[in-house]
Amino acid sequence: KQEVTQIPAALSVPEGENLVLNCSFTDSAIYNLQWFRQDPGKGLTSLLLIQSSQREQTSGRLNASLDKSSGRSTLYIAASQPGDSATYLCAVTTNQAGTALIFGKGTTLSVSS
Amino acid sequence: DVKVTQSSRYLVKRTGEKVFLECVQDMDHENMFWYRQDPGLGLRLIYFSYDVKMKEKGDIPEGYSVSREKKERFSLILESASTNQTSMYLCASSPPGFYGYTFGSGTRLTVV
């Protein structure tokens, strides 16, 4: 059964730092991997989607990489800002549950000014 | 702007009540999903649906049922609410394939 793990569970950094969030998955047979952001008490917002055939995707200050064979992805956030404070969730799609996303438990990021 | 709308942001119900959580999407998406989110456990899939009147169990379907009579609406039903069903419930929809997921804002349900 596919399992997704995110490390660390929580992270606190000062404004301006570059940081990396980690995601690992147990079964490399994924269709894609997605990163979401969740603000407290809110729904999820899609940040980046990496197809299984891709190595990375970039959007603004965000860069996500995928190493499917080793079951790992990283989300790199450059020049962090207080507005980046949120929970970041990694999710994969496989043939395990139709088209449903399988989520990690998330990394809660706090950026202080 | 495409939307997934969950009818209630906050809901308080009593133990044993039958509870309906409603989700409506305006994107003509085939796929719809219900998750619950709990601290330390993350998002767990309850049920999903590929089409009208079709449903599939997710990882934690016990104590829940679903209804999809129209393409745009996917309802989660708690037949007899219990305190361990206190949680944040998130609905999502997507087109065919493995992309384009849109989430609702969530319903925080408290069962007392």
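Residues numbered from 1 in each chain as written. Chains lettered and ligands numbered in written order. Predicted model: local features only at pLDDT ≥ 70, side-chain atom pairs only at ≥ 80, totals over all residues. Heavy atoms only, no water.

Novice: How do you make sense of the environment of Val4 of chain B when you look at a structure like this?
Specialist: All names here are of chain B. Along the chain, the position of Val4 falls in strand β1 (residues 4–6). Sequence separation of Val4 and Asp26 is 22 residues, and the distance between their C-alpha atoms is 6.8 Å. Setting aside chain neighbours within four positions, we find Val4 in contact with Cys23, Val24, Gln25, Met27, Cys91, Ser93, Thr102, Phe103, Gly104 and Ser105. (Helix = DSSP H or I, 4+ residues; strand = E, 2+ residues; numbered from the N terminus. Contact = heavy atoms within 4.5 Å.)

Novice: What exactly am I supposed to notice about unusual backbone geometry here?
Specialist: Backbone geometry follows two general trends: most residues other than glycine have a negative phi, and most peptide bonds adopt the trans configuration. Cis rather than trans, the peptide bond between Ile7 of chain A and Pro8 of chain A has omega equal to 0°. Summarising the element assignment, Pro8 of chain A is placed in the loop between β1 (4–7) and β2 (10–14). Even without being glycine, Ala79 of chain A reaches a positive phi, approximately 45°. The class for Ala79 of chain A is partly exposed, based on a relative accessible area of 35%. Despite not being glycine, Lys53 of chain B has its phi angle at roughly 65°, a positive value. In this structure, Lys53 of chain B sits in the loop between β6 (42–49) and β7 (56–57). (Buried < 20%, exposed > 50% of the residue type's maximum accessible area, 1.4 Å probe, protein only.)

Novice: When you look at the pattern of salt bridges in this model, what are you seeing that I'm missing?
Specialist: Side chains that carry opposite charge are capable of pairing whenever their charged atoms lie near each other. In this structure the tally under the stated criterion is ten salt bridges over all chains. A salt bridge links Lys1 of chain A to Asp59 of chain B; its shortest N-O distance comes to 3.9 Å. In this pair, Lys1 of chain A sits in the segment before β1 while Asp59 of chain B sits in the loop between β7 and β8 (64–70), so the two residues belong to two different chains. (Salt bridge = Lys/Arg side-chain N within 4 Å of Asp/Glu carboxyl O.)

Novice: Honestly, the packing of aromatic side chains in this entry has me stumped. Any pointers?
Specialist: The geometry of two aromatic rings is summed up by the distance between their centres and the angle between their planes. In total, this model carries nine aromatic pairs over all chains according to the counting rule given. Relative to Phe103 of chain A, the ring of Phe36 of chain A has its centre 5.8 Å away and its plane inclined at 50°; by these criteria the two rings are tilted. Of the two residues, Phe36 of chain A is situated in strand β4 (residues 32–38) and Phe103 of chain A in strand β10 (residues 101–103); the sequence distance between them amounts to 67 residues. By the burial criterion, Phe36 of chain A is buried, and Phe103 of chain A matches it. You can call Phe36 of chain A buried: its relative accessible area is 1%. Aromatic rings pair up to connect Phe36 and Phe103 of chain A together with Tyr35 and Phe103 of chain B into one cluster. (Phe/Tyr/Trp six-rings, centres within 6.5 Å; stacked < 30°, edge-to-face > 60°.)

Novice: Please clarify how the sheet that holds strand β6 (residues 56–59) of chain A should be interpreted in this entry.
Specialist: The strands making up a sheet associate through backbone hydrogen bonding, with each pair oriented either parallel or antiparallel. All names here are of chain A. Sheet architecture is open: five strands sit in the order β1-β3-β8-β7-β6, paired in antiparallel fashion. Only two strands of the sheet have a single partner each, and these edge strands are β1 and β6. Taking each pair of neighbouring strands and ignoring which way they run, the sheet shows an average axis angle of 15°. Across four bridges, β6 lies against strand β7 (residues 62–67) in antiparallel orientation. Directly across from Glu56, in β7, lies its bridge partner Ser65. (Pairing = 2+ DSSP bridges. Axes fitted to C-alpha atoms, helices over the stretch in contact; angles between N-to-C directions.)

Novice: Can you walk me through the interface of chain B and chain A in this structure?
Specialist: Across the contact, 23 residues belong to chain B and 21 residues belong to chain A. Of the roughly 1,700 Å² buried between chain B and chain A, counting both surfaces, carbon and sulfur atoms make up 61%. In terms of surface lost to chain A, no three residues of chain B exceed Phe98, Tyr101 and Phe103 of chain B, which account for 36% of the buried area on that side. Connecting chain B to chain A are six residue pairs in polar contact (both at pLDDT 80 or more). Of all the secondary-structure elements, those providing two or more residues to the side of chain B that touches chain A are β5 (31–38), β6 and β10 (87–94) of chain B. Here the residues of the side of chain B that touches chain A sort into 13 nonpolar, eight polar and two charged. (Buried area = accessible area lost by both parts, 1.4 Å probe. Polar contact = N/O pair within 3.5 Å; in protein donor to acceptor, adjacent residues only side chain to side chain. Nonpolar A, V, L, I, M, F, W, Y, C, P; charged D, E, K, R; others polar.)

Novice: What exactly am I supposed to notice about the side chain of Ser87 of chain B here?
Specialist: Residue and element names in this part refer to chain B. Position of Ser87 among the secondary structure elements: in strand β10. The class for Ser87 is buried, based on a relative accessible area of 5%. Side chain to side chain, Ser87 and Arg36 meet in a polar contact 3.4 Å long. Here Gln37 takes part through its backbone oxygen, which lies 3.1 Å from a polar atom of the side chain of Ser87. When neighbours within four sequence positions are excluded, Ser87 is seen to be in contact with Arg36, Gln37, Asp38, Thr107, Arg108 and Leu109.

Novice: Would you mind showing me how to read the confidence of the model for chain A here?
Specialist: Low pLDDT marks regions whose predicted coordinates should not be analysed in detail. For chain A, per-residue confidence averages 94 on the pLDDT scale, and residues scoring 70 or more make up 99% of the total. Across chain A, element-level confidence peaks in strand β8 (residues 72–77) of chain A with a mean pLDDT of 98 and bottoms out in β10 of chain A with 93. (pLDDT = per-residue confidence, 0-100.)

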